[in-house]
Amino acid sequence: MKKKQVILLHLLYWLFFIYYQFRFAFVPKESDAELQSYILSYSFLFVNLLTFYANYFILMPWVYKKQKLYAIIGGIVGIFLFFSLLRYSIEEVLFPIFLGFRNYHEKTTLVYYFYDNVFFGYTTIFVATLIWLLNNALNTEREKRRLIEENKNSQLQALKTQINPHFIFNTLNNIYSLVYQNSDKALPAIEELGQLLRYSTKDLEKDFITLDKEIGYLDSLIALEKLRIKNPELLNVEKKLSHPKLNISPMLLVPFVENAFKHGDFRNKGFDMKISDNNKILHFYLLNFKKEKMKDSVSGIGIENVRKRLEILYPKKYELNMIETETNFTVDLKIDLKNEEN
């Protein structure tokens, strides 16, 4: 509950209390008795104010922290004793000394006084308790949502950092092979890697990037991999983007392409990749052929991380189908990116 809403609840209660107290205060005909009645009304208001905020700021936080039966029972008895003794000290001790009158008959016992004041004090004590519990429950829920959000953000960041080193490791292995072979493709490969690293270091920490930047990752990655493939023309890429400025979480599509190059057969085969965003629904399709005699599943850590990120970022807004056969692996991903445009 927001601070302004809490203050408003307090004000509404005290406005009602003051109206009720002075509207229905006993007003006898004699002027002295009338004055005494209003003085008692003010003292009653003062006692209720002190009891309300003693309960709200001191007792309720203590009882909630303890969360023990003895604390609850002791708190209830204690706050009613506080109300009764405070009122008794003012109206039955100080008033007779300084003003010459009291509220109750002088022979009234403390036991009866306490019993009678349970009725007069329960409303203020109940309302103070209710407002505190309501405010605490809403604050607890808000704090819970904040912690969940922080945990979600931490988890997402962890997942993204898991993806990035995996990609770098694979790429460095490729460049190492090119250097070892004294290939003239080594320097262009290093340049492409540098460009990819600039992309990743700049955008990976962001929650979202534009769709055209994510596709730029793929273009650079494919260009880098083409340097080591004998038949790069077999890499079929088809892009139809009408909304390039749609927002998307970075490194969502890259792991699928990495996965294809890691496990794919590129000796005499390539892959088919299609990307479109009709009606602001991203459709990513990738078909690649598996290496012969490959026993392990194509899916790995990077793919599993993408699954987790999709579930966190796009719950009920995505559809991911992955089909693995003995010869090929297909990824068919759809993400609803409506309302994600800059």
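Details of the structure are given in the entry above.
These numbers were taken from a predicted model, which means no experiment stands behind them.

### A closer look at the nonpolar core
The nonpolar side chains of soluble globular proteins are, as a tendency, buried together.
Stage number 1. Grouped together as the largest cluster of nonpolar side chains are 44 residues, with contacts concentrated most on L218, F256, F271, M273, F284 and I335.
Stage number 2. A per-element tally of this core places helix α6 (residues 211–226) first, with 7 residues.
Stage number 3. Counting residues in hydrophobic clusters, the runner-up holds 20 residues, among them V47, M60, F95 and A128.

### Overview of the pattern of salt bridges
Stage number 1. For the structure shown, the criterion picks out 9 salt bridges.
Stage number 2. When the shortest N-O distance is used, the salt bridge between E92 and R102 registers 3.4 Å. Taken together, the residues E92 in helix α3 (residues 69–98) and R102 in the loop between α3 and α4 (110–180) connect sequence positions 10 residues apart.
Stage number 3. Accessibility expressed as a relative area gives 31% for R102, which makes it partly exposed.
Stage number 4. The residue D212 makes a salt bridge to K245 at a minimum N-O spacing of 3.0 Å.

### Some remarks on the side chain of S249
Stage number 1. Looking at the secondary structure, you find S249 in the loop between β3 (247–248) and α7 (254–263).
Stage number 2. Take S249: its relative accessible area is 3%, and that puts it in the buried class.
Stage number 3. For S249, the side chain forms a polar contact with the side chain of R309, separated by 2.5 Å.
Stage number 4. With near-sequence residues (within four places) excluded, S249 lies in contact with D207, F208, E214, R309, L313 and Y314.

### Focus on the packing of aromatic side chains
Remark: the centre distance and the inter-plane angle together describe each pair of aromatic rings, the angle taken between the planes.
Stage number 1. With the rule as written, the count across this model stands at 27 aromatic pairs.
Stage number 2. Here F44 and F83 contribute two aromatic rings whose centre-to-centre distance is 6.2 Å and whose plane-to-plane angle is 90°, an arrangement assigned as edge-to-face. With F44 in helix α2 (residues 31–66) and F83 in helix α3, this residue pair connects regions lying 39 residues apart in the sequence.
Stage number 3. Judged by relative accessible area, F44 falls into the buried class, the value being 8%.
Stage number 4. Judged by centre distance (6.1 Å) and plane angle (80°), the rings of F266 and F271 are edge-to-face.
Stage number 5. For F271, a relative accessible area of 1% corresponds to the buried category.

About the thresholds
- Residues numbered from 1 in each chain as written.
- Predicted model: local features only at pLDDT ≥ 70, side-chain atom pairs only at ≥ 80, totals over all residues.
- Heavy atoms only, no water.
- Core = buried A, V, L, I, M, F, W, Y, C linked by side-chain atoms within 4.5 Å.
- Buried < 20%, exposed > 50% of the residue type's maximum accessible area, 1.4 Å probe, protein only.
- Helix = DSSP H or I, 4+ residues; strand = E, 2+ residues; numbered from the N terminus.
- Salt bridge = Lys/Arg side-chain N within 4 Å of Asp/Glu carboxyl O.
- Polar contact = N/O pair within 3.5 Å; in protein donor to acceptor, adjacent residues only side chain to side chain.
- Contact = heavy atoms within 4.5 Å.
- Phe/Tyr/Trp six-rings, centres within 6.5 Å; stacked < 30°, edge-to-face > 60°.

None of this, on its own, says anything about what the molecule does.
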